[in-house]
Amino acid sequence: MGLHGTDEGLDQTFAEIIELARDCRFADCAHPREPDCAVLSAVEDGHLARRHLDSHHRPQSENAYVASRTDAWLSAEMKRQNKHGARLRRALKQFPNFKA
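What counts, and at which threshold
- Along each chain, residues carry numbers from 1 onward, in the same order as the chain's sequence is written.
- Local features in a predicted model are, by the rule used here, given only for residues with pLDDT of at least 70; side-chain atom pairs are given and counted only at 80 or more, and totals for whole chains, interfaces and linings are based on all residues.
- For the side-chain quantities, the full set of heavy atoms in the structure was used; hydrogens and water were omitted.
- In this text, helices come from DSSP runs of H or I with a minimum length of four residues, and strands from runs of E with a minimum of two, each type numbered from the N-terminal end.
- Only protein chains enter the calculation, and the probe is 1.4 Å; a residue is then buried if its accessible area is under 20% of its type maximum, exposed if over 50%, and partly exposed in between.
- Contacts: residue pairs with any heavy atoms within 4.5 Å of one another.
- Between Lys or Arg on one side and Asp or Glu on the other, a salt bridge is scored when a side-chain nitrogen of the former is within 4 Å of a carboxyl oxygen of the latter.
- A patch consists of residues exposed above 30% relative accessible area that lack any salt bridge, with like charges linked at up to 9 Å and nonpolar side chains (Val, Leu, Ile, Met, Phe, Trp, Tyr) linked at up to 5 Å.
- Calculation of accessible area relied on Shrake-Rupley with a 1.4 Å probe; when residues are assessed, cover is drawn exclusively from the protein chains displayed.
- Working convention for charge: Lys and Arg count positive, Asp and Glu count negative, and His plus the chain ends are omitted.
- The location of each charge is read from NZ of Lys, CZ of Arg, CG of Asp or CD of Glu.
- Joining through side-chain atoms within 4.5 Å is the link that ties buried Ala, Val, Leu, Ile, Met, Phe, Trp, Tyr and Cys residues into a set, and such a set is a nonpolar core.

Participant: Explain the overall build of the protein chain here, please?
Facilitator: Regarding its fold elements, the protein chain presents 5 helices and 0 strands. Starting at the N terminus, the α and β elements of the protein chain follow one another as α-α-α-α-α. Expressed as a percentage of its 100 residues, the buried residues of the protein chain come to 17%. Of the contacts formed within the protein chain by residues at least 6 apart in sequence, a portion of 34% connects residues at least 24 apart.

Here is the structure:
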């Protein structure tokens, strides 16, 4: 199930996050772990609930998945990123005292 054409409704639902995002260091900040992210700072300060931010990310990841099912280049890029993550996880397992 994709959420096509729902940008306006999502913008209204997540207006607080969009407003906070204007103060992020990077214009293309996705808010998962970028430095100087105003949205993450609001979560850490308790001004924004983590669940609300997670709800903001969910439709974006669902739409990316749906798009990857019809776009060969996007599908290949997502597979490449997954392989890179798997390689990194295997490499980290060699260091049992490493905490991520």
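Participant: Any chance you could explain the pattern of salt bridges here in plain terms?
Facilitator: In the structure shown here, the tally under the stated rule is 3 salt bridges. Across the pair Arg25 and Asp36 runs a salt bridge, and its minimum N-O distance is 3.4 Å. Taken together, the residues Arg25 in the loop between helix H2 (15-21) and helix H3 (38-45) and Asp36 in the loop between H2 and H3 connect sequence positions 11 residues apart. Taken individually, Arg25 and Asp36 each receive the classification exposed, so the pair is uniform in this respect. The closest approach of N and O atoms between Arg80 and Glu77, which form a salt bridge, is 2.7 Å.

Participant: Where do I start with a positive patch on the surface in this structure?
Facilitator: Taken together, Arg69, Lys79, Lys83, Arg87, Arg89, Arg90 and Lys93 make up a surface patch of like positive charges. Here the positive patch takes 6 residues from helix H5 (residues 72-93), the largest share from any one element. Within the fold, Lys83 resides in helix H5. Residue Lys83 is classed as exposed on the basis of its relative accessible area of 53%.

Participant: How should I be thinking about the nonpolar core in this particular structure?
Facilitator: Looking at soluble globular proteins, one finds that nonpolar side chains tend to be buried together. Core analysis: the largest hydrophobic core is formed by 12 residues, namely Phe14, Ile17, Cys24, Cys29, Cys37, Ala38, Val39, Leu40, Ala42, Val43, Leu48 and Leu53. Take this core: its biggest share by element is 5 residues, from H3. Those residues within four positions of Ile17 in sequence are excluded, and the remaining contacts are Val39, Leu48, His52, Leu53 and His56.

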